[in-house]
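Take a look at the letters that make up each chain.
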Protein chains: 2
Amino acid sequence: MKNSIGGPGSVSGLMLRLGQCLFASASIGVMVSASGFSSYTAYCYLIASMGLQVLWSLGLACLDIYALKFKRDLQNPVVLSLFAVGDWVTAFLSLAAASSSAGVTILYSRDLDFCSLQQIPCSRFQISVAFSFITWFFIAISSLVMFWILGSI
Amino acid sequence: MKNSIGGPGSVSGLMLRLGQCLFASASIGVMVSASGFSSYTAYCYLIASMGLQVLWSLGLACLDIYALKFKRDLQNPVVLSLFAVGDWVTAFLSLAAASSSAGVTILYSRDLDFCSLQQIPCSRFQISVAFSFITWFFIAISSLVMFWILGSI
């Protein structure tokens, strides 16, 4: 179980967690650098959701490093249940945040065509949303692997 | 397995499918009745996603009725895998559609305060988005049950 691909305490699992941290941080960084983002509820929610994702993924990445260094087995149904629930909750929050931000960004850039008319940093919003979707993709893989392991034990 | 709560071929599973059909249809109906919805990409995507959801849930509801009537067992790994993948794909599409529409609706009603100024049927948009979130809630339960059954067999 310890060597299950993407599972807790495996090298691939650690890579997924670090990827989640990296892209969620990048999404926050790009969004914060865009002026006027705080006027939009969707973008504020994106930052909150990505912030939660960074905290969660960083915590589990530290646990993975600990498990790999001291060769500890994390195959405990209670611990795995906790990880699975946390992963699912953050995955749904990330997808909701990314989608709502994408909805607003598409409205501005395509439907209303505000980007070419007004001083709105659309490209930064788009990059931030793209990073948040990549984050969601990684956390979705982690969630599926976690749920699968939990269903199998 | 046939009697697993919310699983395929069970009464609770059939109720979940009918609930998904009902709320997805209601979401489409309310959205279509709102004038000017077609100007917004997010709302068009919501209708497309809810339409797919109705087709998928109706198909599985018919299969549940067939299984209940003729007392057939649907516990086949290949069939269950197909259901699980379909459920997950439609669940993610529904959440993305509901969230992006919610992002646009919140932008209009709160951030820009357009609802009180212009002739936009905000209340219909809000009701439609609420129905789509209820649809997602039902399909999320179905997806979790399906994945759990698949991981257990």
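Just so you know, these numbers come straight off a predicted model, no measurement behind them. (Residues numbered from 1 in each chain as written. Chains lettered and ligands numbered in written order. Predicted model: local features only at pLDDT ≥ 70, side-chain atom pairs only at ≥ 80, totals over all residues. Heavy atoms only, no water.)

Draft legend 1. A look at the side chain of Ser10 of chain A. Among the structural elements, Ser10 of chain A can be located in the segment before helix 1 (11-33). Residue classification places Ser10 of chain A among the buried positions, given a relative accessible area of 6%. (Helix = DSSP H or I, 4+ residues; strand = E, 2+ residues; numbered from the N terminus. Buried < 20%, exposed > 50% of the residue type's maximum accessible area, 1.4 Å probe, protein only.)

Draft legend 2. Broad picture of the pattern of salt bridges. Residue and element names in this part refer to chain B. This structure, assessed with the given rule, holds 2 salt bridges over all chains. Arg17 is the salt-bridge partner of Asp87, the closest N and O atoms lying 2.9 Å from each other. Separated by 70 residues along the polypeptide, Asp87 in helix 3 (residues 77-111) and Arg17 in helix 1 (residues 11-33) bring together distant segments of the chain. The same class applies to Asp87 and to Arg17, which are both buried. (Salt bridge = Lys/Arg side-chain N within 4 Å of Asp/Glu carboxyl O.)

Draft legend 3. Local environment of the state of the cysteines. Evaluation of the coordinates by the stated rule reveals 2 disulfides over all chains. In this model, Cys115 of chain A is linked to Cys122 of chain A through a disulfide, with the two sulfur atoms separated by 1.8 Å. Measuring handedness by torsion sign, the sulfur bridge of Cys115 of chain A and Cys122 of chain A sits at about -80° and is left-handed. We classify Cys115 of chain A as partly exposed; its relative accessible area is 23%. Assessed through its relative accessible area of 7%, Cys122 of chain A is described here as buried. A disulfide-free cysteine, Cys44 of chain B has its sulfur positioned 16 Å from the sulfur of Cys122 of chain B, the nearest such atom. (Disulfide = S-S within 2.5 Å.)

Draft legend 4. Up close: empty space enclosed by the protein. Residues and elements named next belong to chain A. According to the stated counting rule, one finds 4 cavities of 30 Å³ or more in the structure shown. As a volume, the largest cavity reaches approximately 70 Å³. As for the largest cavity, its lining consists of Gly6, Gly7, Pro8, Gly13, Leu16, Arg17, Leu60, Leu63, Asp64, Phe83, Ser142 and Met146. Those elements giving two or more residues to the lining of the largest cavity turn out to be helix 1, helix 2 (41-69) and helix 4 (122-152). Taken together, the residues of the lining of the largest cavity break down into 6 nonpolar, 4 polar and 2 charged. (1 Å grid on protein atoms, 1.4 Å probe; cavity = no way out; pocket = protein on both sides within 12 Å on 5 of 7 lines; lining within 4 Å. Points joined across faces, edges and corners; volume = space filled by probe spheres on them. Nonpolar A, V, L, I, M, F, W, Y, C, P; charged D, E, K, R; others polar.)

Draft legend 5. Structural view of the relation of the copies chain B and chain A. Once chain B has been moved 0.0 Å along the axis and rotated by 180°, it coincides with chain A to within an RMSD of 0.0 Å. As the rotation angle and translation indicate, the two copies are arranged about a two-fold axis. Rotation axis and chain B: the residue whose C-alpha lies nearest the axis is Ser100 of chain B, separated from it by 1.9 Å. In this assembly the copies share their binding face: 100% of the residues contributing to the interface of chain B also contribute to that of chain A. (Least-squares fit on C-alpha atoms with pLDDT ≥ 70 in both. Contact = heavy atoms within 4.5 Å.)

Draft legend 6. Spotlight on the UniProt feature "domain: Casparian strip membrane protein" (unreviewed entry) in chain A. Using the residue numbers shown here, the UniProt feature "domain: Casparian strip membrane protein" (unreviewed entry) corresponds to residues 8-138 of chain A. Its end C-alpha atoms 14 Å apart, residues 8-138 of chain A is made of 79% helix and 0% strand. (UniProt positions renumbered as here; feature names shortened; annotations may be inferred.)

Draft legend 7. Spatial organisation of the interface of chain B and chain A. Taken together, the contact pairs 24 residues of chain B with 24 residues of chain A. For the pairing of chain B and chain A, the buried interface totals around 2100 Å² over both sides, and the portion due to carbon and sulfur atoms is 77%. Of all residues in chain B, Phe92, Phe147 and Trp148 of chain B give up the largest surface area on contact with chain A, accounting jointly for 25% of the area buried on that side. Summed over the shared surface of chain B and chain A, the number is 0 salt bridges. Put simply, chain B and chain A have 2 residue pairs in polar contact (both at pLDDT 80 or more) between them. Of all the secondary structure elements, the ones that give two or more residues to the side of chain B that touches chain A are helix 3 and helix 4 (122-152) of chain B. Among the elements that take part in the side of chain B that touches chain A, helix 3 of chain B stands out by supplying 13 residues, more than any other. When its residues are assigned to classes, the side of chain B that touches chain A shows 15 nonpolar, 7 polar and 2 charged. (Buried area = accessible area lost by both parts, 1.4 Å probe. Polar contact = N/O pair within 3.5 Å; in protein donor to acceptor, adjacent residues only side chain to side chain.)

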